[in-house]
Amino acid sequence: MTVEEFQEVLGVSFVNPYLLEQALTHRSYINEQADDLVEDNERLEYLGDAILDFITADMLYRRYPEMSEGVMTRVRSALVRTDSLAQLALDCQVGAALLMGKGEENSGGRERANNLCSGFEAIIGAMYLDRGLDV
């Protein structure tokens with residue numbers, strides 16, 4: 001799936017499509033490319049992880065005023081755990097859009113929960129940098 005096609009799946013048009021391309025780039029892809037301009041998604045994944053934690057915490061705080069801090073922490077952890085985010089990534093067809101090396105792809109990398117979760121978090125980071133928190 002191309003970056004343009006994936007934007008249609010997401011329903012978000014990037015001002016800077018390079019951010020989405022970077023978000024979809026697994027580090028194994030970088031190892032097989034001679035293009036030094038392409039970066040992997042690990043920094044965007046880091047940012048997206050923090051944003052998801054923030055958005056989830058904010059949502060829980062506002063929607064459930066009776067919920068204690070300990071319960072909110074457990075619920076947030078359940079919502080943003082790898083398996084939960086990997087399922088969201090599957091729903092958004094992230095696996096089909098990931099750029100990855102042949103070895104990673106041949107070993108089932110497009111369906112691997114860690115890759116899907118990382119890609120999803122990186123996309124969230126890219127969307128934040130490109131369009132802000134509201135998108």
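In case you missed it, the structure is sitting above this.
Everything quoted here is computed from the prediction, not taken from an experiment.

Enquirer: Would you take a moment to explain unusual backbone geometry for this structure?
Expert: Working note: non-glycine residues mostly have negative phi, and peptide bonds are mostly trans. The phi dihedral of Q93 falls on the positive side, at around 65°, and the residue is not glycine. Relative to the helices and strands, Q93 is located in the loop between α6 (82-91) and α7 (94-97).

Enquirer: Any chance you could explain the nonpolar core here in plain terms?
Expert: As a rule of thumb, soluble globular proteins bury nonpolar side chains together. Core analysis: the largest hydrophobic core is formed by 27 residues, its most contacted members being F6, F14, L20, L24 and I123. Of all the secondary structure elements, the ones that give two or more residues to this core are α1 (3-10), α2 (17-23), α4 (42-63), α6, α7 and α9 (113-131). At 8 residues, α9 tops the list of elements feeding residues into this core. Once residues lying within four places of it in the same chain are set aside, the contact partners of F6 are M1, L20, L24, C92, Q93, V94, A97 and I123.

Enquirer: Quick question: what am I supposed to make of α9 here?
Expert: The α-helix advances 3.6 residues per turn, and as a result positions three or four apart in sequence lie on the same side. Between the first and last C-alpha of α9 there are 27 Å, a value that for 19 residues agrees with the 27 Å anticipated at 1.5 Å per step. Of all 19 residues in α9, 14 are buried; the element is thus mostly enclosed. One or two steps after α9, the chain reaches G132, where phi turns positive at roughly 95°.

Enquirer: Please clarify how a nonpolar patch on the surface should be interpreted in this entry.
Expert: Nonpolar side chains collect at one region of the surface, where F54, I55, Y128, L129 and L133 lie side by side and expose about 470 Å² of accessible area between them. For the nonpolar patch, the elements supplying multiple residues, two or more each, are α4 and α9. Here L129 shows up in helix α9. Overall, the relative accessible area of 48% leaves L129 in the partly exposed class.

Enquirer: What is the right way to read the environment of V94 from this model?
Expert: Its place among the elements puts V94 in helix α7. Here the alpha-carbon distance between V94 and M1, two residues 93 residues apart in the chain, equals 9.3 Å. Those residues in contact with V94 that sit more than four places away from it in its chain are F6, A89, L116, G119, F120 and I123.

Enquirer: Teacher, can you tell me more about the pattern of salt bridges here?
Expert: Close approach of charged atoms allows side chains of opposite charge to pair. On inspection of all chains with the given rule, the structure shows 4 salt bridges. With its nearest N and O atoms 2.6 Å apart, the salt bridge here joins E42 to R27. Of this pair, E42 sits in helix α4 while R27 is found in helix α3 (residues 27-31), placing the two residues 15 residues apart along the sequence. When its relative accessible area of 34% is taken as the criterion, E42 is described as partly exposed. Put simply, R110 and E105 hold a salt bridge, and the shortest N to O gap is 3.1 Å.

What counts, and where the lines are drawn
- Residues numbered from 1 in each chain as written.
- Predicted model: local features only at pLDDT ≥ 70, side-chain atom pairs only at ≥ 80, totals over all residues.
- Heavy atoms only, no water.
- Helix = DSSP H or I, 4+ residues; strand = E, 2+ residues; numbered from the N terminus.
- Core = buried A, V, L, I, M, F, W, Y, C linked by side-chain atoms within 4.5 Å.
- Buried < 20%, exposed > 50% of the residue type's maximum accessible area, 1.4 Å probe, protein only.
- Contact = heavy atoms within 4.5 Å.
- Expected span 1.5 Å × (residues − 1).
- Patch = residues over 30% accessible without salt bridge, like charges linked within 9 Å, V, L, I, M, F, W, Y side chains within 5 Å.
- Areas by Shrake-Rupley, 256 points an atom, 1.4 Å probe, with all protein chains shown as cover.
- Salt bridge = Lys/Arg side-chain N within 4 Å of Asp/Glu carboxyl O.

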